[in-house]
Amino acid sequence: MAALAKFGDAVPLGDPAWYQGLNTPYYKATHAEWRQKIRDYCDECFEPIVEDWERAAVKNNLEKCNSYMRTAYREAGHRGLLGAAVGTWPKAFTDHPAPADYDNFHELIFIDETTRVSGGISWAVLAGLSIGLPPVLNFGIPGDRALQERCAREVLSGEKVICLCITEAGAGSDVAGLQCRAEDAGDHFIINGDKKWITNGIYADYFTVIVQTGAPGSRQKGLSMLLMEKSMPGIQTRKMECTGMWCSGTTFITFDNVKVPKTNIIGKLNGGFMQVMYNFNHERWMFTAQASRAARVCLEESLKFARKRRTFGKFLIEHQVIQHKIGEMGRQCEALQSWIDYITYQMNTMTKDEQNKKLGGHIALLKVQASKTVEYCAREALQVFGGAGYTRTGQGAKVERVYREVKAWAIPGGSEEIMLNLAAGSLRFVKRATPDPRDATIKKLKKELEAMKQTASGAAKL
């Protein structure tokens, strides 16, 4: 355990503790080197354009948005950064070497530093990749290995963009209830249906899509994953108008009689549900890291503002109520960061199967903690800034942006309510359920109904 050199602006509690010279059992020199590499990328590629990118998104200037996305994403690929967004370093599909002693903390740093610019920026460069490509890497495309190779290499090089298409207007957390359908047409499927709130959809060249291939009513037992390409006729994308994450390109996608070869199946036919579940912990962990940094942005910006803003003859930070607000934000940010680091360490010391078996409930609770922390910090920061925080430009712009982005961490990837239910089941809060007396009554009525049917059937034969 050792301390690393201080890094950043040295605003108290404005960065994780290991940035500020405190001892750390998790972070080493390789992480500090990687952090500098990511910071340089963000400072050069995102800081100069983030505000204009957001304005372009609001005005639906999709040509400019796409240009910003392609340029920044391609540069990330050129610098060899994108392999740190999909879990294990994908050495079979990239010519860039992993950082020394690569682990999940390198990915955590990538998520954290990009979110420091904005949540929408982090979603733009990381979200579609980190949830859309892992199924291709982890389960493969057995019917077309060349397609798998081409997709993975083009995406990791930054030349092509990928997105994950799960959510529909009528099915979000209830993945088994998806209605987008793939009809069997011999050597290919015909896809019809819609996908909604798809991150990176307007930018995407590849679509990892989950569809119903089973019989009607088969729910999770009939779900399959397909890799689709923008060049396939019948795919239409439309940018959605959302509260926040404007740079990320949230999209409504329509599949209208899209012909997809059966060789494009990812993993196994009708094995899509388990393949979706396989990466959910990784996705939710990413959201916790983003929410954590967004909360710190609120804290950091609030303290910097309060140190220079004067009210009633003294600096705003001299007022005890403001000190308390900063302190409350700080204690929550520090607690959240410690939990994230601990879970990341668990991920480092477990196989993927162990993670899914042991960490699901813990990560679900962590996600709730993260979204509630950023929501609290965004609200309190806005109170510190007052009117300046209610304005999309000027000193309070970053806080105003986070305030709009809060619900993008509280809902996607499983809402807070769903996460609490998941944790209760995964951690077995209820050891033994109390029998419901209605079950016995229902069972009795079913027997009586069956007996009546048999009696009626016998009478009909006579």
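As a reminder, the structure under discussion sits directly above these lines.
Remember, predicted model here, so these are calculated numbers, not experimental data. As a convention, each chain's residues are numbered from 1 in the sequence order in which they are written. For this predicted model, a pLDDT threshold of at least 70 governs which residues receive local features, and a threshold of 80 or more governs which side-chain atom pairs are given and counted, while totals over whole chains, interfaces and linings are taken from all residues. Processing note: side-chain calculations cover all non-hydrogen atoms of the structure and skip hydrogens and water entirely.

A. Quick peek at the layout of surface pockets. Counted as a void, the largest pocket has a volume near 940 Å³. Only DSSP runs of H or I reaching four residues or more are called helices, and only runs of E reaching two or more are called strands; each is numbered from the N terminus. The greatest single-element share of the lining of the largest pocket, amounting to seven residues, is contributed by helix H8 (residues 272–308). Partitioning the lining of the largest pocket into residue classes produces 20 nonpolar, 12 polar and six charged. Only protein atoms enter the 1 Å grid, on which a cavity is a set of points fitting a 1.4 Å probe that cannot get out and a pocket is an open set with protein on both sides within 12 Å along at least 5 of 7 lines, lining residues being those with an atom within 4 Å of a point. For the second largest pocket, the lining is made up of 21 residues, of which Val86, Gly87, Thr88, Trp89 and Lys352 are closest to its centre. Counting residues per element, the ones that place at least two in the lining of the second largest pocket are helix H6 (134–139), H8, helix H9 (320–348) and helix H10 (352–358). Nonpolar residues are Ala, Val, Leu, Ile, Met, Phe, Trp, Tyr, Cys and Pro. Charged residues are Asp, Glu, Lys and Arg, and all others, Gly as well, are polar. Tallied by class, residues from the lining of the second largest pocket come to 10 nonpolar, nine polar and two charged. Grid points are joined across faces, edges and corners, and a volume is the space filled by probe spheres set on the points.

B. How the structure looks around the pairing of strand S2 (residues 181–184). We treat two strands as partners when DSSP finds at least two bridges between them. One ladder, built from four bridges, connects S2 with strand S3 (residues 188–198); its direction is antiparallel. In the sheet register, Asp184 faces S3, and the bridge partner there is Phe189. Adjacent in sequence and paired antiparallel, S2 and S3 are bridged by three residues, among which Gly186 carries a positive phi angle near 90°.

C. Main features of unusual backbone geometry. Of note in this structure, Met245 is not a glycine but carries a positive phi near 55°. By the secondary structure assignment, Met245 is in the loop between strand S6 (235–239) and strand S7 (251–261). Type-normalised accessible area, obtained with a 1.4 Å probe on protein chains alone, sets the label of each residue: buried when under 20%, exposed when over 50%, and partly exposed for intermediate values. Judged by relative accessible area, Met245 falls into the buried class, the value being 2%. Phi at Asn270 is positive, roughly 65°, even though this residue is not glycine. Considering the arrangement of structural elements, one finds Asn270 in the loop between strand S8 (265–266) and H8.

D. Just the pattern of salt bridges, in detail. The term salt bridge refers to a pairing of a side-chain nitrogen on Lys or Arg with a carboxyl oxygen on Asp or Glu at a separation within 4 Å. What the rule picks out here adds up to 31 salt bridges. Between Arg293 and Asp112 there is a salt bridge, with the nearest N and O atoms lying 2.8 Å from each other. Residue Arg293 is found in helix H8, and its partner Asp112 is found in helix H4 (residues 104–117); the two are separated by 181 residues along the sequence. Each member of the pair, Arg293 as well as Asp112, is classed as buried. What you see here is one network of salt bridges that share partners, running through Glu54, Arg392, Glu400, Arg401 and Arg404.

E. Here's a closer look at helix H1 (residues 29–45). Multiplying 1.5 Å by the helix residue count minus one yields the expected span of that helix. With 17 residues, H1 ought to run about 24 Å at 1.5 Å a step, and its terminal C-alpha atoms sit 24 Å apart, in line with that. Of the residues making up H1, those classed as buried are Thr30, His31, Trp34, Arg35, Ile38, Arg39, Tyr41, Cys42 and Cys45. Projected down its long axis, H1 carries its buried residues within an arc of 165°, all on one side. Residue contacts are defined here by distance: any two heavy atoms, one from each residue, within 4.5 Å place the two residues in contact. Considering only its buried residues, H1 is in contact with helix H3 (62–78), H4 and helix H5 (119–132). To be clear, the arc concerns the directions from the helix axis to the C-beta atoms.

F. How the structure looks around the nonpolar core. Within this scheme, the nonpolar core is defined by two criteria: the residues are buried Ala, Val, Leu, Ile, Met, Phe, Trp, Tyr or Cys, and they are joined through side-chain atoms within 4.5 Å. Grouped together as the largest cluster of nonpolar side chains are 117 residues, with contacts concentrated most on Tyr41, Phe46, Trp53, Leu129, Leu133 and Leu227. Beyond its immediate stretch of four places on either side in the chain, Leu129 contacts Tyr73, Leu82, Ala85, Val86, Pro134, Val155, Leu156, Ile162 and Asn200. Counting 20 residues, the second-largest nonpolar core is a separate cluster that includes Cys165, Phe189, Ile191 and Met228.

G. Representation of empty space enclosed by the protein within the structure. Under the criterion given, the structure shown has three cavities of 30 Å³ or more. As for the largest cavity, its lining consists of Pro16, Trp18, Tyr19, Tyr27, Leu108, Ile109, Asp112, Ala289, Ser292, Gln337 and Ile340. Looking at the lining of the largest cavity, the elements that each hand over two or more residues are H4, H8 and H9.

H. Spotlight on the environment of Ile442. Here Ile442 lies in helix H15 (residues 437–461). Here Ile442 falls in the partly exposed class, since its relative accessible area comes to 43%. The sequence separation of Ile442 and Ile418 amounts to 24 residues, and the corresponding C-alpha distance is 28 Å.

I. Region of interest: the packing of aromatic side chains. The rule is short: rings of Phe, Tyr and Trp, with Trp giving its six-membered ring, pair when the centres are within 6.5 Å, and they are stacked under 30 degrees, edge-to-face over 60, tilted in between. For the coordinates displayed, the defined rule picks out 13 aromatic pairs. Geometrically, the ring pair formed by Phe305 and Phe385 is stacked, given 4.3 Å between the ring centres and 20° between the ring planes. In this pair, Phe305 is assigned in helix H8 and Phe385 in helix H11 (residues 360–385), connecting sequence segments 80 residues apart. According to the relative accessible area criterion, Phe305 is buried, its value standing at 7%.

J. Region of the structure containing helix H12 (residues 397–405). Among the nine residues that make up H12, seven are buried, leaving the element largely enclosed by the rest of the structure. Among the residues of H12, Ala397, Val399, Glu400, Arg401, Val402, Arg404 and Glu405 are the ones counted as buried. In this fold, the buried residues of H12 make contact with helix H2 (50–58), H4, H5, H8, H11 and helix H13 (407–410).

K. Representation of the side chain of Gln148 within the structure. You can see Gln148 is positioned in helix H7 (residues 145–156). Polar contact is defined as a pair of N or O atoms within 3.5 Å, subject to the rule that within protein one atom must be able to donate a hydrogen and the other to accept it, and that residues adjacent in sequence are counted only when both atoms are side-chain atoms. There is a polar contact of 3.2 Å between the side chain of Gln148 and the backbone nitrogen of Ile141. When residues no more than four places from it in sequence are discounted, the contact partners of Gln148 are Phe93, Val136, Leu137, Gly140 and Ile141.

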